[in-house]
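# Coordinate inspection notes
So the chains spell out like this:
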Amino acid sequence: MRRNALKLAVVLGLAAIAGCVSFTGADPTKRTLGTAIDDEAVELLARRHIRSADDRLAESHINVVSYHGVVLLTGEVETAALRDAAERAVANIRKIRAVHNDIQVGGASNLVARANDSWLATKVRSGLTASEEVKVTRIKVVAERGVIYLIGVVPRSQGDAAAEVARDVFGVIRVVKVFDYLD
């Protein structure tokens, strides 16, 4: 617990120092150091809020991903009420602009399924890297139970191209776009 508090303090301190720094020029699709740090802080706070909201949530398999203030929740919980409680737990965290809750109701995925998800995400990232239409550095890839989530800030054409690349990867069941579109 103390270690997480120290990590959070460091992240928030760096965010305060680097909040306005941009290493990327005027390109709105690139994240500044401050934005990346804010996203990490949001993820840490969201996990903490979820765990403290209900003991059953603390024992559930829930992933939190943040990109430019958009939060994606994935994983599994026992009931729809717990799914909603997880979303409520993070909804009022500062710096969160939107919450996309795709937590499934059911038993937790096993280690083999999670390893498969890691492999799928790697294959999708590789496909995005090879694509000339997609700037992979502006997209996070998350996999959960064979579903690929694409999150980032992109033009609509890049988002569509990224989804096509992901759909073509063997083993992908479904692709969910969680993009902020520039156009």
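Everything discussed here concerns the structure shown above.
Residues numbered from 1 in each chain as written. Predicted model: local features only at pLDDT ≥ 70, side-chain atom pairs only at ≥ 80, totals over all residues. Heavy atoms only, no water.

### Notes on the nonpolar core
Counting 20 residues, the largest nonpolar core has Val-124, Leu-128, Ile-139, Ile-148 and Leu-150 as its most contacted members. Elements that contribute at least two residues to this core include exactly helix H5 (111–130), strand E4 (139–144), strand E5 (147–154), helix H6 (156–167) and strand E6 (174–181). Tallying contributions element by element places H6 first for this core, with 5 residues. In terms of nonpolar packing, the next biggest core, distinct from the first, is built from 17 residues, Ile-62, Val-64, Ala-89 and Ile-103 among them. (Core = buried A, V, L, I, M, F, W, Y, C linked by side-chain atoms within 4.5 Å. Buried < 20%, exposed > 50% of the residue type's maximum accessible area, 1.4 Å probe, protein only. Helix = DSSP H or I, 4+ residues; strand = E, 2+ residues; numbered from the N terminus.)

### Describing the environment of Ala-46
In this structure, Ala-46 sits in helix H2 (residues 33–53). A relative accessible area of 0% means that Ala-46 is categorised as buried. Sequence separation between Ala-46 and Val-71 is 25 residues, and the spatial gap between their C-alpha atoms is 9.0 Å. Setting aside anything within four residues of it in sequence, one finds Ala-46 in contact with Val-64, Val-90 and Ile-93. (Contact = heavy atoms within 4.5 Å.)

### A word on the pattern of salt bridges
This model, assessed by the stated rule, comprises 9 salt bridges. Where Glu-76 meets Arg-145, a salt bridge forms, and the shortest distance between an N and an O atom there is 2.8 Å. Of this pair, Glu-76 sits in strand E2 (residues 70–77) while Arg-145 sits in the loop between E4 and E5; the two residues are 69 residues apart in sequence, bridging distant segments of the chain. Residue classification places Glu-76 among the buried positions, given a relative accessible area of 2%. With a shortest N-O distance of 2.3 Å, Asp-180 and Arg-97 are connected by a salt bridge. Here Arg-97 lies in the loop between helix H4 (80–91) and strand E3 (98–105) and Asp-180 lies in strand E6, a separation of 83 residues in the sequence. Each of Glu-43, Arg-47 and Lys-140 takes part in one network of salt bridges that share partners. (Salt bridge = Lys/Arg side-chain N within 4 Å of Asp/Glu carboxyl O.)

### Overview of the sheet that holds strand E1 (residues 61–67)
Taken in spatial order, the 3 strands line up as E1-E2-E3 in an open sheet, and their pairing is mixed. For this open sheet the edge positions go to E1 and E3, each flanked by a neighbour on one side alone. Going from strand to strand, the sheet's axes swing by 10° on average, the running direction of each strand aside. In this sheet, E2 lies alongside E1 in antiparallel orientation, the contact comprising 7 bridges. Counterpart to Val-64 in the pairing with E2 is Leu-73. Here H4 sits on the sheet and contacts E1, E2 and E3; the angle it forms with E3, its principal contact strand, is near 160°. (Pairing = 2+ DSSP bridges. Axes fitted to C-alpha atoms, helices over the stretch in contact; angles between N-to-C directions.)

### Quick notes on the environment of Tyr-149
Looking at the element boundaries, Tyr-149 is found in strand E5. Separated by 75 residues in the primary sequence, Tyr-149 and Thr-74 place their C-alpha atoms 9.4 Å from one another. Excluding its chain neighbours within four sequence positions, the residues that come into contact with Tyr-149 are Leu-72, Thr-74, Asp-102, Lys-140, Val-141, Val-142, Glu-144, Arg-174 and Val-176. Among the polar contacts listed, one links the side chain of Tyr-149 to the side chain of Asp-102, at a separation of 2.4 Å. (Polar contact = N/O pair within 3.5 Å; in protein donor to acceptor, adjacent residues only side chain to side chain.)

### Some remarks on unusual backbone geometry
Residues other than glycine predominantly adopt negative phi, and peptide bonds predominantly adopt the trans conformation. Positioned with a positive phi, Lys-95 is a non-glycine residue whose angle comes to about 85°. Among the secondary structure elements, Lys-95 is positioned in the loop between H4 and E3. A residue is classified by how much of its surface remains accessible, and Lys-95, at 41% relative accessible area, is partly exposed.

Honestly, it's all geometry; don't read function into it.
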